[in-house]
Structures are given as structure tokens and as C-alpha cells.
Amino acid sequence: MTVDPWNFEYSGHLFRSKWFIRKPLPYDYCGLPTLLVMISARQVFRKMRGGSQSWLMQCDDNHFYVVKASNNPQGRRTLVNDYLGSKLLRLIEVNTAECTPIVIPEQLIGEQGLHSLYGEKAGCLDTGPHFGSRVPVNPERQAIFDFLPHRLLPRITNLSDFFATFIFDQWASNIDPRQAVFYRARGSVDFVATMIDNGRIFCGHRWCLKDLPIREDFWDEAYRVGASQQTLDRTIHLISCITEDTIATILREIPALWLAGDMEELLRLVDSLFQRRRSLRALVEQHVARWIDT
Ligand SMILES: Nc1ncnc2c1ncn2[C@@H]1O[C@H](COP(=O)(O)OP(=O)(O)OP(=O)(O)O)[C@@H](O)[C@H]1O
Ligand SMILES: [Mg+2]
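Here we take up the overall build of the chain. Looking only at helices and strands, one finds eleven helices and eleven strands in the chain. Evaluated residue by residue, the chain yields a buried proportion of 35% over its 294 residues. Counted over contacts in the chain with a minimum sequence separation of 6, partners at least 24 positions apart contribute 74%.

In C-alpha cells form, the structure reads like this:
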């Protein structure tokens, strides 16, 4: 489906912001609004658990996605956090769900009666674009789990990703416990972990950054086993290598609907995120010493 996710108010914001003035745009941004080909939902499978009331859907690229509506009860900033969080995790080479805007055809919304509940009230889904987090396997054919018992942790092939994600979560002030899903690699008895749900990084909808108290976390054991000085150094290095240009490109991909009136605030937040890199090592070292020393 071809939609126009941009509007001129949005391009105006971006164009005035310092990042877009400092560097020439990588493509013709000032002409007509760009038309993007978006992935479209084809079939709704089921409602998922969680505060944003998402759905499992199969889309026209044949992949399955967990889709959070643009008018979900947790608000639009959840989608921006989810999108940006997933892209940042990829940049630091953590295995995380691929994410993309998704269009749900009006006919499907009508047929399935898709709606979000706001307390007692039900609201019909707006036309989107919505947020899609790609399921790493076909969940109709292959088991995928939200948790694994601790005794199976040594069977996770990318355990160090948990430790790298811990560093990311400290940097980005994730106020939710970390979530991941697990599936068996093809033909193997071992598991792969894929990080999901960045909806409450940046202190959730507050969009601020602060040092969070360390809580008891189900994944403490995974952090301990996956921790190493090498992963610590590498993750901090990869975070320090993220450039303004890269972030600007990601911000431009975010649908205008999710950002209505929020662009200035988002740019201010991203600025603080960049500055927070300077204190990141000191911030995490105090917490990770207990895992790296053991
Ligand atoms: N990419 C994915 N692959 C497989 N399952 C996923 C994926 N993304 C989300 N899920 C499943 O959907 C559920 C809801 O997703 P998510 O946690 O992102 O939503 P939420 O509504 O923000 O939840 P919360 O209550 O934690 O705020 C997850 O618990 C997980 O089971
Ligand atoms: Mg969640």
C-alpha cells in the first residue's frame, strides 16, 4: 500500500532543526512529500497481552508482526520510543526485533472490529500508520517464548546481548523490566534471544533521562553470565560511534502521525541522549562491577 506519511508541518520542523541545517539532506527533502511503500496488514491472528493492546498480524510481506495502534492507550510516544529504541539497539549490534510502520486497511479494521479500550470506553483504530515489531519466526509453525527457565540460560547463543542491552537500558532510562522473546535456531537445541518492547525507554511518555535505581530483575542471572569487560567496552564504543546523521535518518523515518507536535521535544531528548554518553561508562561501571568481577 502506498501512503503519504509525511506532511509539510513535519518537514518544516525538521528543516529548521539544527541537525538538518548543519548537514545537507541525503535526498531531495524539500520537494514534494516522499511516497513510501508501507507494509500492510493482511490477517489478524490474536490480541497480545500488555498495556498497549497490540495484535499479532500477518502482513503482505508474509512476515508476522506484533502491531501497536497509533491511537493505543499508552499514547503515541510509546511508538516513537519503540521505533527509536529498536533502531539504536541494532546500531549497537544487539539482536532485536525489526520494526516498521504498518498500515491496517480500513476493511480489516471494520471486519475484525479492531478497537482499543481506554478504561471503559472503546475507540476504533485510526487509519495509521501503526507500529509493527516483526516476529522473528512464523509463530504458527514454531514455538516462541516470553521467558526461559534460568537453567536454560546457558543454551542461549547470544547471552552477551543481554548485557549489552542492560547498558543500553541504563543509557536510555528504560523504566520497564527488559523484555525478550526466545526461539530455537533452525535445527538446533539452542535458543536465540530477540530483544523487544522499548516502549518505556526515555522514562516512558515523560521523555527525560535519569539514572535509575537498580532493581531485582528476572534477567540478573543472564546479565551475570553474559557480562564481560570486552562487551562493556565494545558496547560503549558502539554507542559513542552513533552519529547525528544516523539519528537524523532514523528520525525522518518516523511517521508524522506519531510525532504530531512533538518534534522539538524529541530533538531535545535526542540531544540529551547524545550528551549522556559522556557519563555512561561511570554510570554503568558502578552496577556491572559485581558481574564482571565474579
Ligand atoms: N517482535 C516480537 N516477536 C514476538 N513476540 C512479540 C514481539 N513483540 C511483542 N511480542 C509479544 O507481544 C507482547 C506485547 O508486546 P509488548 O510487550 O511490546 O507490548 P506492551 O503492550 O508494551 O506491553 P507492556 O504491558 O509491557 O507495556 C509481548 O509480551 C510478547 O509476548
Ligand atoms: Mg511489554
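Once that is clear, we can look at helix H7 (residues 229-240). With twelve residues, H7 should reach 16 Å at 1.5 Å per residue; the first-to-last C-alpha distance of 16 Å fits that figure. In this fold, the buried residues of H7 make contact with helix H5 (160-171) and helix H11 (280-292).

Topologically, Thr78 is positioned in helix H3 (residues 76-91). A C-alpha to C-alpha distance of 9.8 Å links Thr78 and Phe202, two positions 124 residues apart in sequence. Among all residues touching Thr78, those that are not within four sequence positions of it are Ser52, Lys68, Asn72 and Gly199.

Within the structure, ligand 1 sits among 19 residues, and Gly50, Ser52, Val66, Ala97 and Asp197 are positioned closest to it. Looking at the shell around ligand 1, the elements that each hand over two or more residues are strand S9 (130-134) and strand S10 (179-184).

Note on placement: Asp176 falls in the loop between H5 and S10. Once the C-alpha coordinates of Asp176 and Asp197 are considered, the two residues, 21 residues apart in sequence, prove to be 9.0 Å apart. Excluding residues within four positions of it along the chain, Asp176 makes contact with Asp197 and Arg200.

Before going further, it helps to examine the sheet that holds strand S6 (residues 99-103). What the five strands build is a closed barrel, ordered S3-S4-S5-S9-S6; its pairing is mixed. Shown here is a sheet whose adjacent strand axes are inclined to one another by a mean of 50°, direction ignored. Where strand S3 (residues 39-47) meets S6, two bridges bridge the pair, whose relative direction is parallel. Following the sheet pairing, Ser40 is matched in S6 by Val103. Where H3 meets the sheet, it contacts strand S5 (64-68), S6 and S9, and its direction lies at approximately 35° from that of S9.

Glancing now at the pairing of strand S4 (residues 55-59). Residues Trp55, Met57 and Cys59 point to one face of S4 and are all buried, whereas Leu56 and Gln58, pointing to the other face, are not buried. Bridging between S3 and S4 involves five bridges; their strand directions are antiparallel. For Lys47, the partnering residue across the bridge sits in S4 and is Trp55. Where S4 hands over to S5, the hairpin turn is made up of four residues, of which Asn62 adopts a positive phi near 75°.

This paragraph deals with the confidence of the model for the chain. Per-residue confidence for the chain gives a mean pLDDT of 86, with 87% of residues at or over 70. Predicted confidence in the chain is weakest over helix H1 (residues 8-16), with a mean pLDDT of 37, and strongest over strand S11 (residues 191-196), with 98. Below pLDDT 50 for its whole length, residues 1-34 participates in 37 contacts with residues either more than four positions away or in separate chains.

The rules behind these values
- Residues numbered from 1 in each chain as written.
- Chains lettered and ligands numbered in written order.
- Predicted model: local features only at pLDDT ≥ 70, side-chain atom pairs only at ≥ 80, totals over all residues.
- Helix = DSSP H or I, 4+ residues; strand = E, 2+ residues; numbered from the N terminus.
- Buried ≥ 20, exposed ≤ 12 C-beta atoms within 10 Å, placed from the backbone.
- Contact = placed C-beta atoms within 7 Å.
- Expected span 1.5 Å × (residues − 1).
- Near = placed C-beta within 6 Å.
- Pairing = 2+ DSSP bridges.
- Axes fitted to C-alpha atoms, helices over the stretch in contact; angles between N-to-C directions.
- pLDDT = per-residue confidence, 0-100.

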